[in-house]
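Descriptive structure summary
Take a look at the letters that make up each chain.
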Amino acid sequence: RKGNVVITGASSGLGLATAKALAETGKWHVIMACRDFLKAERAAKKVGISKANYTVMHLDLASLESVRQFVDNLRRSEKPIDCLVCNAAVYLPTAKEPTYTAEGFELSVGTNHLGHFLLSRLLLDDMKQSDFPSKRMIIVGSITGNTNTLAGNVPPKANLGDLRGLAAGLDGVNSSAMIDGGEFDGAKAYKDSKVCNMLTMQELHRRYHEETEITFASLYPGCIAETGLFRNHIALFRTLFPPFQKYITKGYVSEEEAGKRLAQVVFDPSLTKSGVYWSWNKNSASFENQLSKEASDTEKARKLWEVSEKLVGLA
Ligand code: NDP
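First, a word on scope: everything that follows refers to the structure included in this document.

Conventions used here
Within each chain, residue numbers correspond to sequence positions counted from 1 in written order. The predicted nature of this model means local features are confined to residues of pLDDT at least 70 and side-chain atom pairs, given and counted, to a pLDDT of 80 or more, with totals for whole chains, interfaces and linings taken over all residues. Each side-chain value is worked out from all heavy atoms of the structure, with water and hydrogens disregarded. Fitted lines through C-alpha atoms serve as axes, helices being fitted only where they are in contact, and the angles separating the N-to-C directions of these axes extend from 0 to 180 degrees. Numbering of helices and strands runs from the N terminus, with a helix taken as a DSSP run of H or I at least four residues long and a strand as a DSSP run of E at least two residues long. Angles below 35 degrees are treated as roughly parallel, those above 145 as roughly antiparallel, those between 65 and 115 as roughly perpendicular, and all remaining angles as oblique. Contacts between residues were defined by any pair of non-hydrogen atoms, one from each residue, lying within 4.5 Å. For this scheme, ten residues count as nonpolar: Ala, Val, Leu, Ile, Met, Phe, Trp, Tyr, Cys and Pro. Four count as charged, namely Asp, Glu, Lys and Arg, and the remainder, Gly too, count as polar. A 1.4 Å probe rolled over the protein chains alone gives each residue an accessible area, and that area as a share of the maximum for its type sets the label: buried under 20%, exposed over 50%, partly exposed in between. When DSSP locates at least two bridges between a pair of strands, those strands are taken to pair. Crossover handedness is defined by viewing with both strands directed away from the observer: a clockwise path from the first strand over the helix to the second marks the crossover as right-handed. A crossing counts as left-handed when the near helix is turned anticlockwise from the far one by less than a right angle, and as right-handed when that turn is clockwise. Here a residue counts as near a molecule or strand whenever at least one of its heavy atoms sits within 4 Å of it. Each polar contact in these results corresponds to two N or O atoms within 3.5 Å; when the atoms are within protein, one needs to be able to donate a hydrogen and the other to accept it, and residues that are neighboring in sequence are counted only if both atoms are side-chain atoms. The protein chains shown are the only cover counted for residues, whose accessible areas, like all others here, come from Shrake-Rupley with a 1.4 Å probe. Just to be clear on terms, a salt bridge is a Lys or Arg side-chain nitrogen sitting within 4 Å of an Asp or Glu carboxyl oxygen.

The subject of this paragraph is the packing of helix α4 (residues 107–129) against helix α9 (residues 298–312). Put simply, α4 and α9 touch, their axes get as near as 10 Å, and they point 90° apart. Relative to α9, the element α4 lies roughly perpendicular. Contact residues: α4 offers His113, Leu114, Phe117, Leu118 and Arg121, while α9 offers Leu304, Trp305, Ser308, Glu309, Leu311 and Val312. Residues of the contact of α4 with α9, tallied by class, amount to seven nonpolar, two polar and two charged.

Every other side chain in a regular strand lies on the same face of the sheet, so the side chains alternate between the two faces. For strand β2 (residues 28–34), the tally of buried residues reaches seven of seven residues, placing the bulk of the element in the interior. Burial along β2 is two-sided: Trp28, Val30, Met32 and Cys34 facing one way and His29, Ile31 and Ala33 facing the other are all buried. With six bridges joining them, strand β1 (residues 3–8) and β2 adopt parallel strand pairing. For isoleucine 7, the partnering residue across the bridge sits in β2 and is methionine 32. Between β1 and its parallel partner β2, the chain crosses via helix α1 (residues 13–24), and the hand of that crossover is right-handed. Following the backbone out of β2, through helix α2 (residues 37–46) and into the adjacent parallel strand β3 (residues 54–58), one traces a crossover that is right-handed.

To characterise two packed helices, one gives the angle between the axes of the helices and the distance between these axes. Packing of α1 against helix α8 (residues 255–267) brings their axes to within 7 Å, and their N-to-C directions diverge by 60°. As α1 runs across α8, the sense of the crossing is right-handed. Packed against α1, whose contacting residues are Gly13, Leu14, Ala17, Thr18, Ala21 and Leu22, the element α8 presents Glu255, Glu256, Ala258, Gly259, Lys260, Leu262, Ala263, Val266 and Phe267 at the interface. Here the residues of the contact of α1 with α8 sort into nine nonpolar, three polar and three charged.

Okay, the sheet that holds β1 next. The strand order β3-β2-β1-β4-β5-β6-β7-β8 describes an open sheet built from eight strands, whose pairing is mixed. Lying at the two open borders of the sheet, with one neighbouring strand each, are β3 and β8 (286–288). Averaged over neighbouring strand pairs, the angle between their axes works out to 25° when direction is ignored. In the sheet, strand β6 (residues 215–219) pairs with strand β7 (residues 276–280) via three bridges, with the strands oriented parallel. Following the sheet pairing, serine 218 is matched in β7 by tyrosine 277. Contacts from α2 reach β2 and β3 within the one sheet, and its direction differs from that of β3 by about 165°. The sheet contacts of helix α6 (residues 186–212) involve β5 (136–140), β6 and β7, and relative to β6 the element is tilted by about 165°.

Here the residue pair proline 155 and proline 156 is connected by a cis peptide bond, since its omega of -5° sits within 30 degrees of zero. Take proline 156: it is sitting in the loop between β5 and α5 (164–167). Of note in this structure, leucine 163 is not a glycine but carries a positive phi near 65°. Tracing the backbone shows leucine 163 in the loop between β5 and α5.

What follows covers the environment of phenylalanine 216. With respect to the element layout, phenylalanine 216 can be found in strand β6. Taking the C-alpha atoms as reference points, phenylalanine 216 and arginine 136, separated by 80 residues in sequence, lie 5.9 Å from one another. The contact partners of phenylalanine 216, leaving out residues within four places of it in the chain, are Leu124, Met137, Met201, Leu204, His205, Tyr208, His209, Lys273, Ser274, Gly275 and Val276.

Neighbouring the ligand are 31 residues, the closest being Ser11, Asn87, Tyr190, Thr227 and Arg231. The separation between an oxygen atom of the ligand and a polar side-chain atom of lysine 39 is 2.7 Å. A distance of 2.9 Å separates a nitrogen atom of the ligand from a polar atom in the side chain of aspartate 60. Contact with the protein chains covers 98% of the free accessible surface of the ligand, which is 890 Å². Of all the elements in the fold, those that place two or more residues in the shell around the ligand are α1 and α6.

With that settled, consider the side chain of threonine 144. Inspection of the secondary structure assignment puts threonine 144 in the loop between β5 and α5. Polar side-chain contacts of threonine 144 include one of 2.9 Å to the side chain of serine 142. Beyond its immediate sequence surroundings of up to four residues, threonine 144 is in contact with Gly152, Tyr190 and Lys191.

So, on to the pattern of salt bridges. Using the criterion set out here, one finds 19 salt bridges in the structure. Residue glutamate 41 is joined to lysine 51 by a salt bridge in which the shortest nitrogen-to-oxygen separation is 3.5 Å. Pair noted here: glutamate 41 is in helix α2 and lysine 51 is in the loop between α2 and β3, with a separation of 10 residues, a long-range link. Taking relative accessible area as the criterion, glutamate 41 reaches 19% and is therefore assigned buried. What makes lysine 51 exposed here is its relative accessible area of 56%.

The analysis is restricted to geometry; functional conclusions fall outside its scope.
As structure tokens, then:
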């Protein structure tokens with residue numbers, strides 16, 4: 001049978017390119033988990049994914065209630081789930097004030113981390129039951145959360161501190177809207193959320209890889225400078241960023257190429273190692289990359305896991 005893969009945020013950018021790359025293999029049915037149903041349908045049509053190879057299902061990661069409903073709907077469809085790709089994200093670099101999810105968590109961390117944290121935890125059970133030969137759970141990371149890189153050293157740098165803001169509810173009322181308890185900074189909130197994504201992947205690996213044989217992985221697909229991720233940035237940035245990445249940093253990668261890379265992490269038989277953060281070199285060859293000190297801190301990963309469980313209502 002075909003494999004069933006859930007991709008969050010498959011309505012644009014990397015998620016859409018990955019959906020297309022997987023559908024084209026003829027071996028995957030893609031469940032596009034998107035907040036805007038119509039946009040996702042139109043996007044699938046526009047890039048030419050054939051109707052037989054995808055289903056759009058509603059998922060708004062900025063609402064834990066929606067995450068739970070999505071999982072219920074998925075279970076009702078009785079499709080075995082073989083792979084989950086946590087790809088969706090929001091990036092709000094110019095926001096002066098924090099905005100919030102349905103449950104009142106700062107929006108970037110609430111969507112990118114907490115929504116995916118609950119989703120991956122709930123779908124673990126479903127994936128355990130699948131008889132697919134190589135089951136994988138992937139959370140898209142980023143270089144920007146890794147302070148051991150040049151890009152990760154552009155201020156404001158990611159830093160979760162002692163998680164005091166998150167532990168206090170990240171609601172901007174009783175606590176700071178930032179994980180470390182500091183003042184709100186939209187760009188930093190995004191980077192922090194990506195550190196959470198990478199820590200969560202490793203903690204999933206430590207807790208569940210042996211028992212479930214699921215491969216847990218994260219990746220940095222390269223700088224996809226033209227995606228919707230930068231839609232909230234100032235116009236000048238959006239004009240200059242792609243050529244800057246192409247000609248100066250040379251980290252630029254097209255949506256299509258990035259989609260192929262993520263698709264590789266979904267099915268390539270040589271990428272079955274669990275607990276790995278994949279990157280690609282100039283020749284587009286994959287390699288196991290090093291995470292920053294904070295993004296590989298096992299103690300922080302455990303603490304983040306416990307605090308997140310409480311916030312999403314699993315503990
Ligand atoms: P896009 O903005 O193009 O895609 C993000 C997707 O997330 C969209 O489909 C968007 O939906 C969806 N999304 C946002 N909020 C929610 C929500 N509340 N519920 C459900 N879906 C939501 O950006 P990219 O393709 O660039 O980003 C994809 C991933 O790649 C992210 O994890 C990002 O951190 C990562 N990444 C991107 C890099 C880059 O250079 N672009 C580099 C490194 C990592 P909608 O279409 O409705 O807006």
